Amino acid sequence: MDNYAVALDRAREAFLRYDRQKLLDRKGVVLEGQFLTFPFAGAKTFVDLETGTVRFSYPDGTSWEGGFGEGLSVYDWLCDGQEDAAASGEFCPVYSLPGVYVGGNGLMLKNDTLSQMADRDPDRFRWACRFLGGEPWPAGDIGFRIPLFCDLSAVLKFYHSDEEFPAQLTLLWDRNTLRFVRYETVYYIAGVLMSRLKTLMGRHSAQK
């Protein structure tokens, strides 16, 4: 078993030991049979209270079992967030979050697959953002505020390429993000969001 599988199993076991009433008290969590349900990055989430299995579904009927990044993101938000956590509505790069002391661009994608896809077909990028529940946001050439969980959002800021610079996509976080999830989980959530956008854009392109 690889390290990712081990980490996911440990997080699942910790979830199953967690105080069930505290889980039910999380904002936006609904009990449906043996499942906790809530939105996460544009998909409805189902967490089995008996097994800890995490599944997702889109409104169009697409469904799947969560992998490492999705599972860790969900377990962390459910079990490790501060009880009084509240979003600020102010967005900043990951290195500017309170308590983070690292430099660099932080979750800025230049000339990667997703930014290239958005550069080639901005309308398809806008469609994918809206599919995940995003709303236009005044940032970059194209900006969207994407709901992550019901009480936490992030902002995508995209710039088209030009003669001097490649296309650039930056993910900005609510200033209070680390009251909801741990620092490393920010990167898991970013990976989930980018992966879903790429998958949706590819699927939408195939349907044209």
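Residues numbered from 1 in each chain as written. Predicted model: local features only at pLDDT ≥ 70, side-chain atom pairs only at ≥ 80, totals over all residues. Heavy atoms only, no water.

### Some details on the side chain of Thr-177
Alright, step 1. Within the secondary structure, Thr-177 is located in the loop between β11 (168–174) and α6 (183–207).
Alright, step 2. Under the relative-accessibility criterion, Thr-177 is labelled buried at 0%.
Alright, step 3. Polar contacts involving the side chain of Thr-177 include one to the main-chain carbonyl oxygen of Asp-174, which spans 2.6 Å.
Alright, step 4. For Thr-177, the residues in contact, after removing those within four places along its chain, are Leu-97, Leu-152 and Val-186. (Helix = DSSP H or I, 4+ residues; strand = E, 2+ residues; numbered from the N terminus. Buried < 20%, exposed > 50% of the residue type's maximum accessible area, 1.4 Å probe, protein only. Polar contact = N/O pair within 3.5 Å; in protein donor to acceptor, adjacent residues only side chain to side chain. Contact = heavy atoms within 4.5 Å.)

### Overview of helix α1 (residues 3–17)
Alright, step 1. The terminal C-alpha atoms of α1, which comprises 15 residues, lie 21 Å apart, in line with the 21 Å expected from a rise of 1.5 Å per residue.
Alright, step 2. Along α1, the residues that are buried comprise Leu-8, Ala-11, Arg-12 and Phe-15. Along α1, the residues classed as buried sweep out an arc of 100° about the axis, all on the same side. Exposed residues pointing more than 90 degrees away from the buried face of α1 are listed as Asn-3, Arg-10 and Arg-17.
Alright, step 3. Where α1 is buried, its residues meet α2 (20–25), β2 (35–40), β3 (43–48) and α3 (68–80).
Alright, step 4. With a side-chain oxygen lying 3.1 Å from the backbone nitrogen of Tyr-4, the N-terminal cap of α1 falls on Asp-2. (Expected span 1.5 Å × (residues − 1). Arc of directions from axis to C-beta.)

### Notes on unusual backbone geometry
Alright, step 1. Of note, the phi angle at Ala-41 is positive, near 50°, even though the residue is not glycine.
Alright, step 2. Considering the arrangement of structural elements, one finds Ala-41 in the loop between β2 and β3.
Alright, step 3. What makes Ala-41 buried here is its relative accessible area of 2%.

### Some thoughts on the sheet that holds β3
Pairing between the strands of a sheet comes from backbone hydrogen bonds, and it takes one of two forms, parallel or antiparallel.
Alright, step 1. The strand order across the open sheet built from five strands is β1-β2-β3-β4-β5, with neighbouring strands paired in antiparallel fashion. Strand pairing shows two members of the sheet lacking a second neighbour, β1 (30–32) and β5 (63–65), which therefore form its edges. Direction aside, the axes of adjacent strands within the sheet are offset by 30° on average.
Alright, step 2. In terms of strand pairing, strand β4 (residues 54–57) meets β5 through three bridges, oriented antiparallel. Within the sheet, the bridge partner assigned to Phe-56 lies in β5 and is Trp-64. (Pairing = 2+ DSSP bridges. Axes fitted to C-alpha atoms, helices over the stretch in contact; angles between N-to-C directions.)

### Re the nonpolar core
Alright, step 1. Ranked by size, the top nonpolar core spans 58 residues in total, and within it Leu-78, Phe-125 and Trp-173 carry the most contacts.
Alright, step 2. The element best represented in this core is α6, accounting for nine residues. (Core = buried A, V, L, I, M, F, W, Y, C linked by side-chain atoms within 4.5 Å.)

### Here we look at a negative patch on the surface
Alright, step 1. The grouping of Asp-19, Asp-25, Glu-83 and Asp-84 at the surface amounts to a negative patch.
Alright, step 2. Within the element layout of this structure, Asp-25 appears in helix α2. (Patch = residues over 30% accessible without salt bridge, like charges linked within 9 Å, V, L, I, M, F, W, Y side chains within 5 Å. Areas by Shrake-Rupley, 256 points an atom, 1.4 Å probe, with all protein chains shown as cover. Salt bridge = Lys/Arg side-chain N within 4 Å of Asp/Glu carboxyl O. Lys, Arg positive; Asp, Glu negative; His and termini not counted. Charge placed at Lys NZ, Arg CZ, Asp CG, Glu CD.)

### Considerations on the environment of Arg-196
Alright, step 1. With respect to the helices, strands and loops of the structure, Arg-196 is situated in helix α6.
Alright, step 2. As a C-alpha pair, Arg-196 and Asp-76 span 120 residues in sequence and 19 Å in three-dimensional space.
Alright, step 3. The residues contacting Arg-196, other than those within four sequence positions of it, are Phe-40, Ala-41, Gly-42, Ala-43, Phe-56, Tyr-58, Trp-64, Glu-70 and Leu-132.

### Structural notes on the pairing of β11
Alright, step 1. A large share of β11 lies buried, amounting to seven of its seven residues.
Alright, step 2. Examined bridge by bridge, strand β6 (residues 91–92) and β11 share two bridges and lie antiparallel to one another. Its bridge partner being in β11, Cys-92 is matched across the sheet by Trp-173.
Alright, step 3. For strand β10 (residues 152–159) and β11, the ladder comprises six bridges, and the chain directions are antiparallel. Paired with Ala-154 across the strands is Trp-173, a residue of β11.

### Some points on the packing of aromatic side chains
Alright, step 1. What the rule picks out here adds up to 16 aromatic pairs.
Alright, step 2. Through a chain of ring-to-ring contacts, the aromatic side chains of Phe-38, Phe-40, Phe-56, Tyr-58, Trp-64, Trp-77, Trp-127, Phe-131 and Phe-149 assemble into a single cluster.
Alright, step 3. For the cation-ring pair, Arg-26 lies above Trp-77, with the distance from its terminal atom to the ring centre recorded as 4.2 Å.
Alright, step 4. Arg-196 extends its terminal NZ or CZ atom over the ring of Phe-56, reaching a point 4.8 Å from the ring centre. (Phe/Tyr/Trp six-rings, centres within 6.5 Å; stacked < 30°, edge-to-face > 60°. Lys NZ or Arg CZ within 6 Å of the ring centre and 35° of its normal.)

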